[in-house]
Amino acid sequence: MNAIEMRLLPRTASVNADGALSIGGVAVAEIAAQFGTPTFIYDEQHLRETCREAVAAFGEDRVIYATKAFINTAVVQLMNEEGLLLDVATGGELFVALNAGVPASRCVMHGNNKSEDELRTAMTAGLRHIVIDSFDEIERIERLHAEGLPAPRVQLRITPGLHVETHAYVSTGQDDSKFGFNLNNGDAHRAVERARSSQAMDLVGIHCHIGSNVVTVANFEDAWRVMVELFVPLSLPEITLGGGLGVAYTADDTAPTMQQWADVLKRATSALPEGIAVYVEPGRSIVASAAITVYSVGTVKPIDGIRTYVSVDGGMSDNPRPMMYGSVYEAFDPLRVIAPRSAKARIVGKHCESGDILILDAPIAEGVQVGDLLATPVTGAYGYTMASNYNKVPRPAIVFVANGVARLVTRRETLEDLIRLDV
Ligand code: LLP
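Keep in mind it's a predicted model, so treat the numbers as computed, not measured. (Residues numbered from 1 in each chain as written. Predicted model: local features only at pLDDT ≥ 70, side-chain atom pairs only at ≥ 80, totals over all residues. Heavy atoms only, no water.)

A.B. asks: So what exactly am I meant to see when it comes to the overall build of the protein chain here?
C.D. replies: Check the secondary structure of the protein chain and you find 11 helices and 20 strands. In summary, the protein chain has a C-alpha radius of gyration of 22 Å against a globular reference of 22 Å for 423 residues, a match within 12%. Dimensions of the protein chain, computed from C-alpha atoms along their principal axes, come out at roughly 70 × 50 × 40 Å. Taken over 423 residues, the protein chain has a buried fraction of 56%. (Helix = DSSP H or I, 4+ residues; strand = E, 2+ residues; numbered from the N terminus. Rg over C-alpha atoms; globule rule 2.2 N^0.38 Å. Buried < 20%, exposed > 50% of the residue type's maximum accessible area, 1.4 Å probe, protein only.)

A.B. asks: I keep staring at the packing of aromatic side chains and nothing clicks. Help me out?
C.D. replies: Note on aromatic pairs: each is described by the distance of the centres and the angle between the planes. For the structure on display, the rule yields 10 aromatic pairs. Here phenylalanine 220 and tryptophan 261 contribute two aromatic rings whose centre-to-centre distance is 5.5 Å and whose plane-to-plane angle is 75°, an arrangement assigned as edge-to-face. One end of the pair, phenylalanine 220, is in helix α8 (residues 217-231); the other, tryptophan 261, is in helix α9 (residues 258-268), with 41 residues separating them in the sequence. An aromatic cluster is built from Phe58, Phe220, Trp224 and Trp261, whose rings are joined through pairwise contacts. Geometry around tyrosine 279 places arginine 62 over its ring, the cationic atom sitting 5.3 Å from the centre. (Phe/Tyr/Trp six-rings, centres within 6.5 Å; stacked < 30°, edge-to-face > 60°. Lys NZ or Arg CZ within 6 Å of the ring centre and 35° of its normal.)

A.B. asks: Whenever I open this one, empty space enclosed by the protein confuses me. Can you help?
C.D. replies: Over the atoms rolls a probe the size of a water molecule, and in doing so it shows where empty space is left. Per the stated rule, a full pass over the model turns up one cavity of 30 Å³ or more. Space inside the largest cavity adds up to approximately 50 Å³. If you trace the largest cavity, you find it lined by Phe332, Asp333, Arg336, Ile364, Ala365, Val368, Asp372, Leu373 and Leu374. (1 Å grid on protein atoms, 1.4 Å probe; cavity = no way out; pocket = protein on both sides within 12 Å on 5 of 7 lines; lining within 4 Å. Points joined across faces, edges and corners; volume = space filled by probe spheres on them.)

A.B. asks: Help me understand the domain arrangement of the protein chain in this model?
C.D. replies: Reports often express the size of an interface as the amount of accessible area lost when the parts come together. For the protein chain, the assigned domains read domain 1 (6-43 + 288-419) and domain 2 (44-285). Spacing between the C-alpha centres of domain 1 and domain 2 amounts to 31 Å. Summed over both partners, the interface of domain 1 with domain 2 buries about 2500 Å², with 56% contributed by carbon and sulfur atoms. Looking only at domain 1, the three residues that lose the most surface to domain 2 are Arg11, Tyr382 and Phe400, adding up to 25% of its buried area. Between the two partners, domain 1 and domain 2, sit three salt bridges. Arginine 11 serves as the salt-bridge partner of glutamate 49, at 2.9 Å between the closest nitrogen and oxygen. Linking domain 1 to domain 2 there are 17 residue pairs in polar contact (both at pLDDT 80 or more). Sorting the residues of the side of domain 1 that touches domain 2 by element identifies β4 (39-43), α11 (321-325), β19 (397-402) and β20 (405-410) as the ones contributing at least two each. With four residues, β19 is the largest single contributor of residues to the side of domain 1 that touches domain 2. (Domains from an automatic or database assignment. Buried area = accessible area lost by both parts, 1.4 Å probe. Salt bridge = Lys/Arg side-chain N within 4 Å of Asp/Glu carboxyl O. Polar contact = N/O pair within 3.5 Å; in protein donor to acceptor, adjacent residues only side chain to side chain.)

A.B. asks: Looking at this structure, how should I read the site of the ligand?
C.D. replies: Taken together, 19 residues lie around the ligand, and Ser212, Glu281, Arg284, Arg321 and Tyr382 are the ones closest in. Glycine 244 has a polar backbone atom sitting 2.8 Å from an oxygen atom of the ligand. Contact distances for the ligand include 2.6 Å between an oxygen atom and a side-chain N or O atom of arginine 321. When the ligand sits alone it has 590 Å² of accessible area, and the protein chains cover 90% of it. A molecule is said to occupy a pocket when more than half its atoms come within 2 Å of that pocket's grid points, and by this definition the ligand occupies the largest pocket. Looking at the shell around the ligand, its residues break down into six nonpolar, seven polar and six charged. Counting residues domain by domain, the shell around the ligand receives three or more from each of domain 1 (6-43 + 288-419) and domain 2 (44-285). (Near = heavy atom within 4 Å. Areas by Shrake-Rupley, 256 points an atom, 1.4 Å probe, with all protein chains shown as cover. Sits in = over half its atoms within 2 Å of the grid points. Nonpolar A, V, L, I, M, F, W, Y, C, P; charged D, E, K, R; others polar.)

Spelled out as structure tokens, the structure:
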């Protein structure tokens, strides 16, 4: 098997003559030594470039970054500096954004079950808009408005009723979904009428999000055409066409670029009248390949005639995606990046179950040893944000690297952190 492909690594990744990896001008081994393992290492320049490419492709104030993909104080500040708006799906995500200094007017709220508290916070703070997901939510907003809260600008989330090629757990465009107002059964039209006639909200647009990690551009084009057809006769000023652009996780994957995605959008929205604000809401495609996770190998267990297990010091607690969706990753030794990966191993974590597998059958360099580093690329999205403390494993550190400097942006959890909620 070949060495890891550079296209899977963050953009400033470079390899020295000895085969050792640096990101942002800092040796990965040095970062591991300084901050410990496992650590998420994000390439700040890569993050800024993907933000700029998105803004260039879709326009100023038209890109809403879905913070669920990766959120902490540093990254929302970076996104805000780069001109992205923020999609928050809970009061928790909103709190992080506002606390980091992002203006409420640059945040958009989502969620299929927003609580009254979450809506109250959003309406009081004056978010850019709220994406309403259900009739119950319309009623909740009306109650809060009757209490004296200002009427929010709102969009309605529509479920266009289409099949999308991705994992069923992250597919959201089909009729059988907890999200949004169904187009096919008439709920979407009923919701438009209901919201339009309400004094408690200012209906400004409609929204759809068909699913996540979608790499088939025809899926977007089909859904967006349906949305445009619905939208035009409504004479509203705004439409949001969701996120969902997939990324390549392994050498076997290909994914459209941001610009190709924008070209599809341009085609699908060509029938829109002038002056309509068309938003997109990418998460994964902005952050996924900006990061790697670096682990230490703690146990190597060859079982003759069966396989070799390589255990690292993290696992399903920092990357549940292989277990949840059968997602496939690659692994490599950041000190031997150019070595052929002619050995095979199952890369597993330190948790107490056999399903704690990061990679089922990973090509790795020969002779992996206890104490070696092992890295998995493309872990920048839905990794840390879905991390847990299972088995009371403290969550990893997050480090941003740029111009030869590594800075800690989220510290590693301590043992004390593990009991901070116990009373
Ligand atoms: N907008 C809405 C309303 C969403 O629900 C999502 C993702 C996005 C935008 C951003 O989608 P993206 O561009 O990141 O695909 N945990 C799963 C992914 C869940 C996605 C949920 N919604 C995973 O690890 O694959």
